[in-house]
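# Analysis of the macromolecular model
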Amino acid sequence: MIEVSIVASELNQLKQQLNQTRLSHRDTTLKSRREILLLKRIILRFCAACKHHDSELDKEIVDLATRIEQVENTSDLTIQIATFERLINRYKMNVQKEHSVMEDHITYCGETLQRVVGLPAGLKRDLRSLLQYPSHDGSKHIQRIVRLVELYERAIKFISVGKLSSEINSNEVIDSDTQEQLSNELQHLISELDFNNTSGTKLLEIRSKLLTGTDAVSLINFALQTLQLVLEGTNNERKASQVFVGEINTQVAQIIKTSEQNQSQGQSYLEQRTLLNEEYSLLIKQAENLLDKKESEQEHKAKMAMLLHEMNDLAERNSAMQEREAALLERHEYSTKKLNNLYEETLEYRRQLSEQQQRVFRDPLTKVYNRAAMHERLDLEYKRWVRHQHSLVLAMIDIDQFKRINERFGHLAGDKALTIIAKTIENQVSDTDFVARFSGEEFLILFTETTKEEREKKLKTIQLAISKLPFKFKNDHLKVTVSVCSSEFTNSDIPEKVIKRTIDALYKQKSKGKEQFIYL
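Residues numbered from 1 in each chain as written. Predicted model: local features only at pLDDT ≥ 70, side-chain atom pairs only at ≥ 80, totals over all residues. Heavy atoms only, no water.

## Topic: the overall build of the chain
- Within the chain, the regular secondary structure consists of 15 helices and 7 strands.
- Counting only residues that meet the buried cut, the chain has 32% of its 520 residues in that class.
- A total accessible area of about 33600 Å² is found for the chain, and carbon and sulfur atoms account for 55% of it. (Helix = DSSP H or I, 4+ residues; strand = E, 2+ residues; numbered from the N terminus. Buried < 20%, exposed > 50% of the residue type's maximum accessible area, 1.4 Å probe, protein only. Areas by Shrake-Rupley, 256 points an atom, 1.4 Å probe, with all protein chains shown as cover.)

Here it is in structure tokens:
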């Protein structure tokens, strides 16, 4: 009886387990069916999205969609889905090629439109903004093409109404970015010139006006005036040099002539002195012979009187010759003094030329080397790098938001900041490193034969030191920061390529914020 109850209890438990298993199997089956239906719908929608792009792919899509509607078990579609995946990958590669071709064509069309002379500055600015960031997303190509068509439409309207010839605003002759670049280049050119005459004063006045800002028409006029002043200053210095060289030639010719005359007279005096000495010797010998002879006193006195007369004549001639020799020595001393003065004048002229050359290679504001000196030194170091393949690194330092200092506190404050920052940079580098002012607020450093750790430490120190400078403008304390980018010469690099690479990387990084540091 007990065994029957035990068996009944076990059967009851098995029955409950069986019911639970049936319920679980039913739920799993329903879930599996829902997932299969969901997967079918996703595949069908994906197929619909991929239609009308490739004939072979379209055929495969139709077959796959038909089979999905018919089969119950999705595992039967494995081979066909694999084929579909291969076709999709091929289609993806073709689309990427088409996107690349389309991007190149957009760039070409944009650059063609940019070369149209006289378009409004706003249109060119929009065009540069469009071309600045190429699209890697196919969906954005349509937006870029539509935007490019809009710009073309604006350009055509602008041309059609005759604004290119009659209604161009003076500020639209040159777009703002080009105008700013030309202004900066003109300022650097004036800074590298060194005329001590009126031309130099007028050039400094032009530079002061450029610092305060100017429109396009005035910028063109300033450029023409600068060229005229450069020609005028060059001609004046050439004439001054010709006058100086002419005076030197005249004085040297006079000195040479005087020296030749002195030499000739000196030779004549030497010959006369030799004759006098011979005559003296002859008279002395005659006197000795007279003393040896035994003659009467009267004859002896007569001959002695003759000898004394001849000796007296020789003494007078000797005195006259001494006076002529003294005059010759005086002329020789005068020539020597004139030569010394001429030598001192040439030394002074050489010193002025040396100082002028130093000023030509020094930035007049910051006192560091200027762009002309930078190109000369970079060319020298590049040739050494090509021969010896030693380490050569170019670092660019750019002052963050420098224009705000000029706009808020004035250009004098900006000049003060540039001077202090330049001095700070020089104090942090070694004597073998080269520091130059590259442009308005950019400084360039050349590192040779240094390790990466040494360079990075120096640049970080410069960045930190500048951020701690106690700038105070109009009772306002201001923190000035810089962004740094350095690039090492490698493989087939040339100076122009490295400079462009460094500047592009620096400004791309600066778009993320201030006080950036990048090492290429």
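## A look at the nonpolar core
- I397, I399, I421, I425, F443 and I445 are the most contacted members of the largest nonpolar core, which has 28 residues in total.
- The set of elements that each furnish at least two residues to this core consists of strand 1 (392–399), helix 12 (402–409), helix 13 (411–428), strand 3 (442–448), helix 14 (452–467), strand 4 (471–473) and strand 6 (482–488).
- Looking at which element gives the most residues to this core, the answer is helix 13, with 6 residues.
- Residues in contact with I399, not counting those within four places in the same chain, are L418, I421, E441, F443, V480, T481, V482 and K510.
- Within the second largest apolar cluster, 21 residues are counted, among which are F361, M374, F434 and C485. (Core = buried A, V, L, I, M, F, W, Y, C linked by side-chain atoms within 4.5 Å. Contact = heavy atoms within 4.5 Å.)

## Section: the packing of aromatic side chains
- In total, this model carries 4 aromatic pairs according to the counting rule given.
- Measuring from ring centre to ring centre gives 6.2 Å for Y382 and F489, while their planes differ by 45 degrees; the resulting arrangement is tilted. Of this pair, Y382 sits in helix 11 (residues 371–388) while F489 sits in the loop between strand 6 and helix 15 (495–510), and the two are 107 residues apart along the sequence. An identical accessibility class is assigned to Y382 and F489; each is buried.
- In this structure an aromatic cluster arises from ring pairing among Y382, W385 and F489. (Phe/Tyr/Trp six-rings, centres within 6.5 Å; stacked < 30°, edge-to-face > 60°.)

## Remarks on the packing of helix 12 against helix 13
- In the contact formed by helix 12 and helix 13, the axes pass within 6 Å of each other and the chain directions differ by 140 degrees. The angle between the axes of helix 12 and helix 13 places the two elements in the oblique class. When helix 12 is examined against helix 13, the residues F402, I405, N406 and F409 are found in contact with a partner set consisting of H411, A413, G414, A417 and L418.
- Per-class residue counts for the contact of helix 12 with helix 13 are 6 nonpolar, 3 polar and no charged. (Axes fitted to C-alpha atoms, helices over the stretch in contact; angles between N-to-C directions. Parallel < 35°, antiparallel > 145°, perpendicular 65-115°, else oblique. Nonpolar A, V, L, I, M, F, W, Y, C, P; charged D, E, K, R; others polar.)

## With respect to unusual backbone geometry
- Positioned with a positive phi, Q389 is a non-glycine residue whose angle comes to about 55 degrees.
- Residues other than glycine seldom take positive phi values, yet N491 does so here, at roughly 50 degrees.
- Along the polypeptide, N491 turns up in the loop between strand 6 and helix 15.
- Using a relative accessible area of 75% as the deciding quantity, one classes N491 as exposed.

## Some words on the pairing of strand 3
- Burial runs high along strand 3: 7 of the 7 residues are buried.
- Sheet topology note: the strand 1/strand 3 ladder contains 7 bridges and is antiparallel. Counterpart to L394 in the pairing with strand 3 is L446.
- Here 4 bridges tie strand 2 (residues 434–437) to strand 3, and the two strands are oriented antiparallel to one another. The residue bridging R437 from the neighbouring strand is F443, located in strand 3. (Pairing = 2+ DSSP bridges.)

## Points about the packing of helix 13 against helix 14
- Two elements in contact, helix 13 and helix 14, have axes whose closest approach is 10 Å; the angle formed by their N-to-C orientations is 145 degrees. Here helix 13 and helix 14 pass one another in a crossing that is right-handed. Taking contact as the criterion, the partners of I421, T424, I425 and Q428 in helix 13 are, on helix 14, K458, T461, I462, A465 and I466. (Left-handed = near helix turned anticlockwise from the far one by under 90°.)

## Observations concerning the sheet that holds strand 6
- A sheet is described by the order of its strands in space; here 5 strands give the open sequence 2-3-1-6-7, paired in mixed fashion. The outermost strands of the open sheet, each flanked by one partner alone, are strand 2 and strand 7 (517–519). Going across the sheet, the axis of each strand differs from the next one's by a mean of 15 degrees, ignoring polarity.
- Strands strand 1, strand 3, strand 6 and strand 7 of the sheet are contacted by helix 14, whose axis makes an angle of about 165 degrees with strand 6.

## Regarding the pairing of strand 1
- With 8 of 8 residues buried, strand 1 lies mostly within the body of the structure.
- Every second residue of strand 1 is oriented toward a common face, with L392, L394, M396 and D398 on one face and V393, A395, I397 and I399 on the other, all of them buried.
- The pairing of strand 1 with strand 6 spans 7 bridges and is antiparallel. Pairing of L394 across the sheet is with S487, part of strand 6.

## Observations regarding the pattern of salt bridges
- Within this structure, the stated rule accounts for 15 salt bridges.
- We note a salt bridge from D400 to K510, for which the minimum N-O separation is 2.7 Å. Residue D400 is found in the loop between strand 1 and helix 12, and its partner K510 is found in helix 15; the two are separated by 110 residues along the sequence.
- Put simply, R377, E381, R384 and E449 are held in one network by salt bridges that share partners. (Salt bridge = Lys/Arg side-chain N within 4 Å of Asp/Glu carboxyl O.)

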